[in-house]
Amino acid sequence: MSDILLGIKVDENTVCRKRLEIYRRTIERSPRINNGKITSLSPLDLKLIFDLYDEIFFNHWFNKKCSSRIEFSISKRMTRSAGMVKCSINKRSGEKNFILQIGVNFFFNYDELESEKNVCGIKTGDSLEGLLLVFEHEICHIIEFISYGKSSCRGKRYKTIARNLFSHVSSYHQLPTYRQIAGTKHGVSVGDCVVFHHRGRQKTGFVNAINKRATVMVRHEEGQYIDSKNNRYVKFYVPLGILEKA
Ligand SMILES: [Zn+2]
């Protein structure tokens, strides 16, 4: 039944025209998205965008012919992938349901770096364009799951689906990660020795991880974290803006 989707092949110009139409209608209909710069996003926007794709690319196939339930969620914790699809398969009925999750910080941070931001191998000009391309990537995962019960965007089969439907030429994105923002704007990388001020005292430690804030390990004889040489540490979550390289 989903074979009908696998047989679709859309030429590149048509993809661009349809994508632009979705871009335009998203701005028109979402109370949170007023231009190409995303500053606020709700699962309702994801549902809106999905329905637009269903209408404009798939002639309402998902709404009318597909028995799967698709839910939408927003994550602030995703640090590498900007989108993700979770598929659950009911062992008895074989029914497949999905959660399409979007890592919202990638879009809020879109303008933090000046670099070129290709998504799925396609140049983007703003965060809404980036979001639509990530969405297309996730829709291809859903289609592959529905048809084959599993999905991997490293596989040849996935790549064919993504190329035929949306002219994608890559499975990756170049949206800025917190690590890249920390490195470029603040000159701080994982492993660096850093100083910062905490309650009026200067602390020195090393960066163990970088997310929205940096995780900094500071030597302390009563710390609960122990390394292989039996040194003890206390862990601090430090805003990137107040870190300095030691
Ligand atoms: Zn993927």
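Here is what the cut-offs are and how they apply
Residues numbered from 1 in each chain as written. Predicted model: local features only at pLDDT ≥ 70, side-chain atom pairs only at ≥ 80, totals over all residues. Heavy atoms only, no water. Phe/Tyr/Trp six-rings, centres within 6.5 Å; stacked < 30°, edge-to-face > 60°. Helix = DSSP H or I, 4+ residues; strand = E, 2+ residues; numbered from the N terminus. Buried < 20%, exposed > 50% of the residue type's maximum accessible area, 1.4 Å probe, protein only. Donors = N, O, S within 2.8 Å, 3.2 Å for Na, K, Ca; no water. Domains from an automatic or database assignment. Contact = heavy atoms within 4.5 Å. Buried area = accessible area lost by both parts, 1.4 Å probe. Salt bridge = Lys/Arg side-chain N within 4 Å of Asp/Glu carboxyl O. Polar contact = N/O pair within 3.5 Å; in protein donor to acceptor, adjacent residues only side chain to side chain. Nonpolar A, V, L, I, M, F, W, Y, C, P; charged D, E, K, R; others polar. 1 Å grid on protein atoms, 1.4 Å probe; cavity = no way out; pocket = protein on both sides within 12 Å on 5 of 7 lines; lining within 4 Å. Points joined across faces, edges and corners; volume = space filled by probe spheres on them. Pairing = 2+ DSSP bridges. Axes fitted to C-alpha atoms, helices over the stretch in contact; angles between N-to-C directions.

As a further point, take the packing of aromatic side chains. Per the counting criterion, the structure on display carries 13 aromatic pairs. Ring centres of F58 and F166 lie 6.3 Å apart, and the angle between their planes is 85 degrees; this geometry places the pair in the edge-to-face category. Here the residue F58 occupies a position in helix α3 (residues 43-58), and F166 occupies one in helix α7 (residues 156-166), the gap between them amounting to 108 residues. According to the relative accessible area criterion, F58 is buried, its value standing at 5%. On the basis of relative accessible area, F166 is assigned to the buried category, the value being 0%. Their ring planes at 90 degrees and their centres at 5.7 Å tell us that F206 and Y233 sit as a pair that is edge-to-face. Remark: Y233 occurs in strand β10 (residues 232-239) and F206 occurs in strand β7 (residues 201-210); sequence separation between them is 27 residues. Its relative accessible area of 30% is what places F206 among the partly exposed residues.

A few words on the coordination of the zinc ion. The zinc ion binds to the protein through H137 (NE2), H141 (NE2) and C153 (SG); the donor distances cover 2.1 to 2.3 Å. Taken in chain order, the donor set of the zinc ion reads H-x3-H-x11-C. Of this pair, H137 sits in helix α6 (residues 127-148) while C153 sits in the loop between α6 and α7; the two residues are 16 residues apart in sequence, bridging distant segments of the chain. We classify H137 as buried; its relative accessible area is 8%.

Segmenting the protein chain into domains produces domain 1 (3-176) and domain 2 (180-245). One C-alpha centre belongs to domain 1, the other to domain 2, and the line joining them spans 36 Å. If you look at the interface, domain 1 gives 6 residues, while domain 2 gives 5 residues. Of the roughly 510 Å² buried where domain 1 meets domain 2, counting both sides, 60% is carbon and sulfur surface. Viewed at the interface, domain 2 and domain 1 are joined by 1 salt bridge. The tally of links from domain 1 across to domain 2 stands at 1 residue pair in polar contact (both at pLDDT 80 or more). In terms of residue class, the side of domain 1 that touches domain 2 is built from 3 nonpolar, 2 polar and 1 charged.

The next thing to look at is empty space enclosed by the protein. All chains considered together, the criterion is met by 1 cavity of 30 Å³ or more. Space inside the largest cavity adds up to approximately 40 Å³. Lining the largest cavity are M78, T79, N105, F106, N109, P176, T177 and Y178. Among the residues forming the lining of the largest cavity, the class breakdown is 4 nonpolar, 4 polar and no charged.

The 3 strands are arranged β1-β3-β2 in an open sheet whose pairing can be described as mixed. Whereas interior strands pair on both sides, the edge strands pair on one side only; in this sheet they are β1 (70-75) and β2 (83-89). Averaged over neighbouring strand pairs, the angle between their axes works out to 20 degrees when direction is ignored. In terms of strand pairing, β2 meets strand β3 (residues 96-103) through 7 bridges, oriented antiparallel.

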